[in-house]
Amino acid sequence: MNYKIKINGTTKEVDVAPGTPLLWVIRDSLDLTGTKFGCGVASCGACTVHVDGSPVRSCQTFIEDVSDQEIITIEGIDGKVAHEVQKAWQELDVVQCGYCQSGQIMSAIGLLSETPKPTDENIDDYMSGNACRCATYQRIRAAIHLASKNLEG
Amino acid sequence: MNIKSSRRDFLKGSLATGAMLVIGLNSDGVLAAGTADATLNPFVKISSDGSLTVILKHFEMGQGTSTGLTTLIAEELDVEWDKVQTEFAPADVSKYANLMMGMQGTGGSTSIANSYLQYRKAGAAAREVLIRAAADKWGVAPSDIRIEKGILKAGNKSAHFGEVIAEAAKLTPSAEPTLKKSSDFKLIGNTRIHRKDHISKTNGKAIFALDVKVPGMVYVVILHKPQFGAKLKSFDASKAKNIEGFIDAKALPTNEGVAVYANSTWNALQAREAIVADWDLSKAEMRSSDQMFNDATALLDNPAYSVRGDREEARKGNMSAAKKLDIEFRLPFLAHAPMEPQNCVIEPTKTGVIVHDGCQMPTLVQQMVADILQLKTENVLVNTVYAGGSFGRRANPTSDYVTEAAMAFSLLGGKTPVKLVWSREDDIHAGYFRPLAVHKVSVGLDNQGTIVGWDHRIASKSIMKGTFLEAMAVQNNIDNSSTEGCADTGYEIPSMSVGLSDFITPVTALWWRSVGHSVTGIVMEVTMDMAAKAAGEDPVDFRLKMLPGNTPAQKRMANVLKMAADKADWKKPLPAGWGRGIAVHESFGSFVAEVIEISTKGDDIKIERVVCAVDCGLIINPDVVTAQIESGVGYGLGAAMRNQISFTDGIIDQSNFPDYEPLRIADIGKIDVYQVKSDEAPSGIGEPGVPPSGPALINAIADATGKRVTYLPLSENGVNFA
Ligand code: FES
Ligand code: FES
């Protein structure tokens, strides 16, 4: 079936089965592979994208749910918060295998957009749905604080 | 992004493109220089614009090897770090073998250890021919030429590398090129250089196997056997025909599963749900976990193999001991659960195939795929891409997921590219687990707190037996990976005897980050702590007594132990309700000690701080070393806290992250890593952070609560985490 989808500032048409998770539309139909598959059951956060500005798990969001919404993936992020988050991640060498990191970054942008000066506890709460099997957590925490500081100044 | 560019990059490695200097090994295994079309497989490539590309013989699963290997060559060539590029090597064991393995592959924390001199020499050889070429061109002595930020300079003359590569390619480097003095190092040991993958992994551009797409590709998922040892009798795919995009379903020739093909990942997953299969369970594992543990425990009374010491002596010592401890440890099967579920793409070429894979063992993958597809090994090409973690899982004696992909490719006619995708459920169910292990340790102490008897018995599933590694890794029936870190402990324990029995099950077993040490680190260090307590001594002092410095290993072990204790203010009192535990372990040639502080709130435990001391010899990238220890600590703790693969009637109870819950950000506080400055040869770092983490936590819990838990995971054995 054909669906229209607004993604990273453009409208695309895709032909997928009804009920297809947004994740697989993004990856298999639109070839935007920065968004990752880790569990398929909203338990790891690797598939996190922004829908109308908020982080959601694309593996549990279905093509029918996003007919009018603006979807942004890691390839399409823009703006001050996104920029500072990526810069902080690079500055502190957060990544290891890197597979979870698109999702981590999408969530961190969401957190800092809502809470510009998060405490450790805010970070732990907000980021708890993003698993990292390489356990880069301490650097994720530090990078969010660094981005927050740079956004202030 | 996907397909085309990744294919082009890959082919670039094997196509002649003229103006390029390559430094690599010739067919005699000697370092040589040449142009891109010389028959050299290079470590170093310099193109006409002067830019440097380092060829990586090891894959990158997050452990930082792409940064480490690049550092070694960039150091010798004095280039600007940010401008160096990297490329994964093609599969060619004659040029890219792991010198500690004899095949091309990554594992055992050997990447830097085996490449250290090889890569530095390749960089030094490149430096030498570039300088000699410039010297000839300018009519000056080579000793008058220096390299600054990748530019050759002499007096007022200067040139980038690209300007002399044609001449350099005609020169023969000396067999033993002069290496830089360590006092001149700018990159080795530098704390400020970034990982080579720090940008591409923060903007979505890094390519993993799951991101590879080639024209005409179909997607395949496997309906796997429900129990280990089960065989497919028949299946019915009639309902799958109603699923959009479904292409076909075929039984694997091994009868261990059904390959389900569709035009997208999602449609393939949906079609799999619609297939009904009938299995022959006559040879299947049907036991539940309790039964398996009881069966393994029963093997401990009379160990099949004597690994160390004389059991009768150890028991005699125990009989006369003033104090006795009898401890039983039960450690479950564990899945590796790398963040990227296993997958790969097989694409036909004119003469064979290309396997696109986060490939940990190119030599094995080549052989396995060649075997299944009846190809010459050299016609199986491997395009190595980033791997989303591995922790040992992608290095598999049977290359299991690649083999499945090759069978699926062949079943479809061998002309259509296929992408095999595992779901997380496949990953959790597919086996090759850290083996289940039961240890019984009987320790006797005299009145001075000296250990006078240590009777240690192990039952575990052997990883190596039945694989092609058996001949190498099993001696006198003893699989070293079941006993490493125990029978060869660095502690001075003259009365120690160790016996081993193999626990037999069709459940497949594999090395899991730190292999045997992931078990023995826990057993040894919890036992030490309990023995210290029984002796009424401080756990650090007690251990130091058994590390008198008789061997270099004892000295290094004692050193990190003291360093960790010191940095953690070991003797300083903690707030009420807090506890502190310590552990130290040697693995892969490296020594790591960890102190863990926990707090308790009611029944709930929270990990507040981890202090680590590491001695891994000479450190190439200090920040990568720190990151690997942080990672190892987290990996070990997450598993000890809550992970297990358990069985009910032979069926695995877990299926995905909700019931194989990974460590989360809120689970862990600060981790401080301290490094020993050393000129010893570089040793492993990807794994050695794991073994001390579990026991340090168990010991901290005992310190805070008085409760000593020796069955894992902790969450299933009476410990709650906040
Ligand atoms: S893939 Fe969506 S949360 Fe894991
Ligand atoms: S960096 Fe590997 S899973 Fe997060």
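Keep in mind it's a predicted model, so treat the numbers as computed, not measured.

Draft legend 1. A look at the domain arrangement of chain B. Residue and element names in this part refer to chain B. Domain annotation of chain B identifies domain 1 (7–203), domain 2 (210–282 + 342–421) and domain 3 (289–334 + 433–721). Here the C-alpha centroids of domain 1 and domain 3 sit 40 Å apart. Each side of the interface is counted separately: domain 1 has 19 residues, and domain 3 has 16 residues. Here domain 1 packs against domain 3, burying approximately 1200 Å² in sum over the two surfaces, 64% of which is carbon and sulfur.

Draft legend 2. Just the packing of aromatic side chains, in detail. Scanning all chains against the criterion turns up 13 aromatic pairs over all chains. On the basis of an interplanar angle of 75 degrees and a centroid distance of 6.1 Å, the ring pair of Phe228 of chain B and Phe433 of chain B is categorised as edge-to-face. Here Phe228 of chain B is found in the loop between strand 9 (218–224) and strand 10 (231–236), whereas its partner Phe433 of chain B is found in the loop between helix 11 (424–429) and strand 20 (437–445), with 205 residues between them in sequence. The pair formed by Phe228 of chain B and Phe433 of chain B is uniform in burial state, with each residue classed as buried. Between Tyr401 of chain B and Trp422 of chain B, the ring centres sit 6.2 Å apart and the planes meet at 65 degrees, which makes this aromatic pair edge-to-face. One end of the pair, Tyr401 of chain B, is in helix 10 (residues 400–411); the other, Trp422 of chain B, is in the loop between strand 19 (418–421) and helix 11, and 21 residues separate them in sequence. Of the aromatic side chains, those joined through ring pairs into one cluster are Tyr99 of chain A together with Phe88, Phe208 and Tyr386 of chain B. One residue, Arg513 of chain B, lies across the ring of Tyr635 of chain B, its end atom 5.4 Å from the ring centre.

Draft legend 3. View of the interface of chain B and chain A. Counting residues at the interface gives 64 residues for chain B and 53 residues for chain A. Here chain B and chain A share an interface that buries about 4700 Å² over both sides, 53% of which is from carbon and sulfur atoms. Its largest share of buried area at the contact with chain A, chain B owes to Thr202, Met339 and Ile665 of chain B, together 18% of the area lost on that side. The tally of links from chain B across to chain A stands at six salt bridges. Here Asp211 of chain B makes a salt bridge to Lys36 of chain A, at a shortest N to O gap of 2.5 Å. Where chain B packs against chain A, one counts 34 residue pairs in polar contact (both at pLDDT 80 or more). Elements represented by at least two residues in the side of chain B that touches chain A include exactly helix 6 (265–273), helix 11, helix 17 (622–642) and strand 30 (668–675) of chain B.

Draft legend 4. Region of interest: the nonpolar core. Judged by nonpolar contacts, the single largest core of 232 residues is most densely connected at Trp89 of chain A together with Leu21, Val44, Leu130, Leu152 and Leu697 of chain B. Tallying contributions element by element places helix 4 (residues 111–138) of chain B first for this core, with 13 residues. Membership of the second largest hydrophobic core comes to 29 residues, among which are Val220, Ala370, Ala406 and Phe409 of chain B.

Draft legend 5. The confidence of the model for chain B, seen in detail. All names here are of chain B. The share of residues in chain B with pLDDT of 70 or more is 97%, and the mean pLDDT across the chain is 94. Note that pLDDT drops below 50 for residues 1–17; the model gives that stretch 25 contacts with residues more than four away or on any other chain. Listed scores for the predicted complex are pTM 0.95 and ipTM 0.98.

Draft legend 6. Quick peek at the sheet that holds strand 24 (residues 496–502) of chain B. All names here are of chain B. Overall, mixed pairing links the five strands, which are arranged 14-24-21-20-15 in an open sheet. What marks the edges here is a single partner per strand, and that holds for strand 14 (305–308) and strand 15 (323–331). Averaged over all neighbouring strand pairs, the angle between strand axes comes to 15 degrees, with direction disregarded. Relative to strand 21 (residues 451–460), strand 20 runs antiparallel, the two being bridged by nine bridges. Among the inter-strand pairings, Val441 is bridged to a residue of strand 21, identified as His456.

Draft legend 7. Region of the structure containing the packing of helix 3 (residues 101–114) of chain A against helix 5 (residues 137–152) of chain A. All names here are of chain A. Two elements in contact, helix 3 and helix 5, have axes whose closest approach is 11 Å; the angle formed by their N-to-C orientations is 45 degrees. Relative to helix 5, the element helix 3 is oriented oblique. The chirality of how helix 3 crosses helix 5 is right-handed. Contacts between helix 3 and helix 5 involve Gln101, Gln104, Ala108, Leu111 and Leu112 from the former and Ile140, Ile144, Ala147, Ser148 and Leu151 from the latter. Classifying every residue of the contact of helix 3 with helix 5 gives seven nonpolar, three polar and no charged.

Draft legend 8. Layout of the domain arrangement of chain A. Residue and element names in this part refer to chain A. Taken domain by domain, chain A comprises domain 1 (2–72) and domain 2 (80–152). Of the roughly 960 Å² buried where domain 1 meets domain 2, counting both sides, 53% is carbon and sulfur surface. Per-residue buried area on domain 1 facing domain 2 is highest for Lys36, His50 and Pro55; these three make up 36% of the total on that side. Where domain 1 packs against domain 2, one counts zero salt bridges. Put simply, domain 1 and domain 2 have six residue pairs in polar contact (both at pLDDT 80 or more) between them. Among the elements of the structure, strand 3 (48–51) and strand 4 (54–57) are those that each provide at least two residues to the side of domain 1 that touches domain 2. With three residues, the top contributor of residues to the side of domain 1 that touches domain 2 is strand 3.

Draft legend 9. Spatial organisation of the pattern of salt bridges. Residue and element names in this part refer to chain A. The tally for this structure, following the rule as stated, stands at 52 salt bridges over all chains. For Glu152, the salt bridge is made with Lys117, and the minimal N-O distance between the two is 3.5 Å. Of this pair, Glu152 sits in helix 5 while Lys117 sits in the loop between helix 3 and helix 4 (120–126), and the two are 35 residues apart along the sequence. Exposure remark for Glu152: the relative accessible area of 54% places this residue in the exposed category. Using a relative accessible area of 61% as the deciding quantity, one classes Lys117 as exposed.

Draft legend 10. Molecular detail of the pairing of strand 17 (residues 353–357) of chain B. Residue and element names in this part refer to chain B. By the criterion of burial, strand 17 is predominantly enclosed, with five of the five residues buried. Neither face of strand 17 is open: one carries Val353, Val355 and Asp357, the other Ile354 and His356, and all of them are buried. In terms of strand pairing, strand 16 (residues 343–348) meets strand 17 through four bridges, oriented antiparallel. If you follow Pro348 over to strand 17, its bridge partner there is Val353. Connecting strand 16 to the antiparallel partner strand 17 that follows it, the hairpin turn spans four residues. Bridging between strand 17 and strand 18 (residues 380–384) involves five bridges; their strand directions are parallel. Residue pairing across strands places Ile354 opposite Leu381, the latter belonging to strand 18. Handedness of the crossover joining strand 17 and strand 18 through helix 9 (residues 362–373) is recorded here as right-handed.

Calculation rules
Residues numbered from 1 in each chain as written. Chains lettered and ligands numbered in written order. Predicted model: local features only at pLDDT ≥ 70, side-chain atom pairs only at ≥ 80, totals over all residues. Heavy atoms only, no water. Domains from an automatic or database assignment. Contact = heavy atoms within 4.5 Å. Buried area = accessible area lost by both parts, 1.4 Å probe. Phe/Tyr/Trp six-rings, centres within 6.5 Å; stacked < 30°, edge-to-face > 60°. Helix = DSSP H or I, 4+ residues; strand = E, 2+ residues; numbered from the N terminus. Buried < 20%, exposed > 50% of the residue type's maximum accessible area, 1.4 Å probe, protein only. Lys NZ or Arg CZ within 6 Å of the ring centre and 35° of its normal. Salt bridge = Lys/Arg side-chain N within 4 Å of Asp/Glu carboxyl O. Polar contact = N/O pair within 3.5 Å; in protein donor to acceptor, adjacent residues only side chain to side chain. Core = buried A, V, L, I, M, F, W, Y, C linked by side-chain atoms within 4.5 Å. pLDDT = per-residue confidence, 0-100. Pairing = 2+ DSSP bridges. Axes fitted to C-alpha atoms, helices over the stretch in contact; angles between N-to-C directions. Parallel < 35°, antiparallel > 145°, perpendicular 65-115°, else oblique. Left-handed = near helix turned anticlockwise from the far one by under 90°. Nonpolar A, V, L, I, M, F, W, Y, C, P; charged D, E, K, R; others polar. Right-handed = clockwise from strand over helix to strand, strands pointing away.

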